[in-house]
There are 2 protein chains.
Amino acid sequence: MEVVLIVAGGSGKRMQSETPKQFIEIAGLPVLMHTIKAFAWYASEIRIIVVLPENHITIWQKLIRDFNFTINHTCVKGGETRFQSVKNGLEYVTDTDVVAIHDGVRPLVSLNIISASFRVASEKGNAVTAIPLKDSIREIIESGENIAADRNRFRIIQTPQTFQGEIIKKAYETDENQLFTDDASVAEFSGEKIYLIEGAPVNVKITTPEDLTFARSFLEKIEN
Amino acid sequence: MEVVLIVAGGSGKRMQSETPKQFIEIAGLPVLMHTIKAFAWYASEIRIIVVLPENHITIWQKLIRDFNFTINHTCVKGGETRFQSVKNGLEYVTDTDVVAIHDGVRPLVSLNIISASFRVASEKGNAVTAIPLKDSIREIIESGENIAADRNRFRIIQTPQTFQGEIIKKAYETDENQLFTDDASVAEFSGEKIYLIEGAPVNVKITTPEDLTFARSFLEKIEN
């Protein structure tokens, strides 16, 4: 069965705002509801798991009532770190599921990306969304100096990162470590070869006020 | 003397639009005029050189009349490539100038960045604007497979990239080569050690319709 595990753990410290960023309203709905809607549009029968920090669950339940939000989902309590939050969510995923792990604050994900992600993960075990770098990059070397690096050698990683249930559940049985910046790095650490699919520049993770401005203008254009 | 060399060479192929992107109007002015204004605000006595493709110069002159744009600048004919365009512009720069080389389609550059850029370049020979990566990255290795890379080791490079005149003019005496993706890589190739200064996520290069949406909403907020 297709499952999406939406991780909405951020506390909003970087947003200069008291409201956690997944709860900020843009184009008439909190960010997290836009994200959930994107997956529900992809397939109404998809199983949706939302991982939230414990102290945000009451806020979320109130928002659900206030916005009369009717898309069915399971709400799971997050952990101290993103790793722990995903691990908690994976307890609701079975070995035979295919699970897309997605940031709660990436509401602009397209149906094409979601669809390719499930298709490739079903075939190959995993599918990780990535885009090329459009700017030059430089590498900081050990001396503290920096040198030009070839941007064509790198990809920026987005979500969804989608996996066969058995593979990702096994991968998350390891202890947390600092190398784990996303789910692909956890799967890779367990020995999986990672498959990239094409993301989109518009599929931003909302972490700054500028990202919010961008997402707002984009969603308002779509909704109108 | 402080000089800014604004490179406006793009043909707009990626913009799904007939208008070259530096000429698209946002918040009441063509993008390129916003960029020029940013540097004129920094210092009214700065010398401004704008490099444009030959076939855009007539359009630009008409825009100057239409928008009654009065900021003084020298218009220089660009070359086949960005490298050649910068080289053409550098003919109007002297060895004792300090020159900020800046993308015509980065209108959101801040006064702080411009100011730091000239200050550091005056002291150290160069100053290259850079920001951290906020997303995970993966590296494509020779087999075509990909592996996790440590994003903390890399910086995304923006403009301005600012240099003492003598240094950058000498660096540009070399033949063009594929490694040259920006001015820092040209200077580095000539033996210069590169100094990074802190850029800003908002200082985007407008290359896609999404970038344009972002810049528009941002500039409209500032201008109002």
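Structural data are supplied above this passage.
Basis of the calculations
- Just so you know, the residues in each chain are numbered from 1, in the order the chain's sequence is written.
- Starting at A for chains and at 1 for ligands, labels are handed out in the order in which the entities are written.
- The predicted nature of this model means local features are confined to residues of pLDDT at least 70 and side-chain atom pairs, given and counted, to a pLDDT of 80 or more, with totals for whole chains, interfaces and linings taken over all residues.
- Only hydrogens and water are removed before side-chain values are computed, so all heavy atoms of the structure are retained for them.
- Note on contacts: a residue pair qualifies if any of its non-hydrogen atoms lie within 4.5 Å across the two residues.
- By buried area we mean the combined loss of accessible area, with a 1.4 Å probe, across both parts when two parts are placed together.
- Just to be clear on terms, a salt bridge is a Lys or Arg side-chain nitrogen sitting within 4 Å of an Asp or Glu carboxyl oxygen.
- Under the scheme used here, helices are H or I runs from DSSP no shorter than 4 residues and strands are E runs no shorter than 2 residues, and both carry numbers assigned from the N terminus.
- Only protein chains enter the accessibility calculation, which uses a 1.4 Å probe; a residue whose area is less than 20% of its type maximum is buried, one above 50% is exposed, and one in between is partly exposed.
- Working definition of a nonpolar core: buried Ala, Val, Leu, Ile, Met, Phe, Trp, Tyr and Cys residues. They are joined through side-chain atoms within 4.5 Å.
- Note on pairing: two strands pair once DSSP finds at least 2 bridges between them.
- Superposition of the copies was done by least squares, using only C-alpha atoms of residues whose pLDDT is at least 70 in both.

Draft legend 1. Inspection of the interface of chain B and chain A at higher detail. Listed by partner, the interface residues are 37 residues for chain B and 38 residues for chain A. Between chain B and chain A, the buried area comes to about 3,500 Å², and carbon and sulfur atoms account for 54% of it. For chain B, the biggest contributors to the area lost against chain A are Lys-134, Ser-136 and Arg-138 of chain B; these three give 18% of the whole. If you look at where chain B meets chain A, you find ten salt bridges. Between Arg-138 of chain A and Glu-188 of chain B there is a salt bridge; the shortest N-O distance is 2.9 Å.

Draft legend 2. Examining unusual backbone geometry more closely. Backbone torsion omega between Thr-159 of chain A and Pro-160 of chain A reads 10°, so that peptide bond is classified as cis. Position of Pro-160 of chain A among the secondary structure elements: in strand β10 (residues 154–164). Residues other than glycine seldom take positive phi values, yet Ala-27 of chain B does so here, at roughly 50°. Positionally, Ala-27 of chain B belongs in the loop between β2 (25–26) and β3 (29–30). In the Ramachandran plot, Asn-68 of chain B falls in the positive-phi region, its phi being about 50° despite a non-glycine side chain. Among the residues examined, Asn-68 of chain B registers a relative accessible area of 61% and is labelled exposed.

Draft legend 3. Broad picture of the nonpolar core. If you look at the biggest cluster of nonpolar residues, it comprises 90 residues, and the most contacted ones within it are Leu-32 of chain A together with Leu-32 of chain B. In contact with Leu-32 of chain A, other than residues within four places in its own chain, are Ile-6, Ala-8, Gln-22, Phe-23, Val-50, Leu-52, Trp-60 and Gly-104 of chain A.

Draft legend 4. Main features of the pairing of strand β8 (residues 137–140) of chain B. Direction of pairing for β10 of chain A relative to β8 of chain B: antiparallel, over a ladder of three bridges. Considered in β8 of chain B, the bridge of Arg-155 of chain A is made with Arg-138 of chain B. As paired elements, β8 of chain B and strand β9 (residues 146–149) of chain B share four bridges and run antiparallel to each other. Within β9 of chain B, the residue paired with Arg-138 of chain B across the bridge is Ala-148 of chain B. Counting the residues between successive antiparallel strands, the hairpin from β8 of chain B to β9 of chain B contains five residues, one of them, Gly-144 of chain B, with a positive phi of roughly 95°.

Draft legend 5. Representation of the relation of the copies chain B and chain A in the model. With an RMSD of 0.0 Å, the fit of chain B onto chain A corresponds to turning through 180° and sliding 0.0 Å along the axis. Given the turn and translation reported, the copies of this chain are related as if by a two-fold rotation axis. Among all residues of chain B, the minimum C-alpha distance to the rotation axis is found for Phe-214 of chain B, at 2.5 Å.

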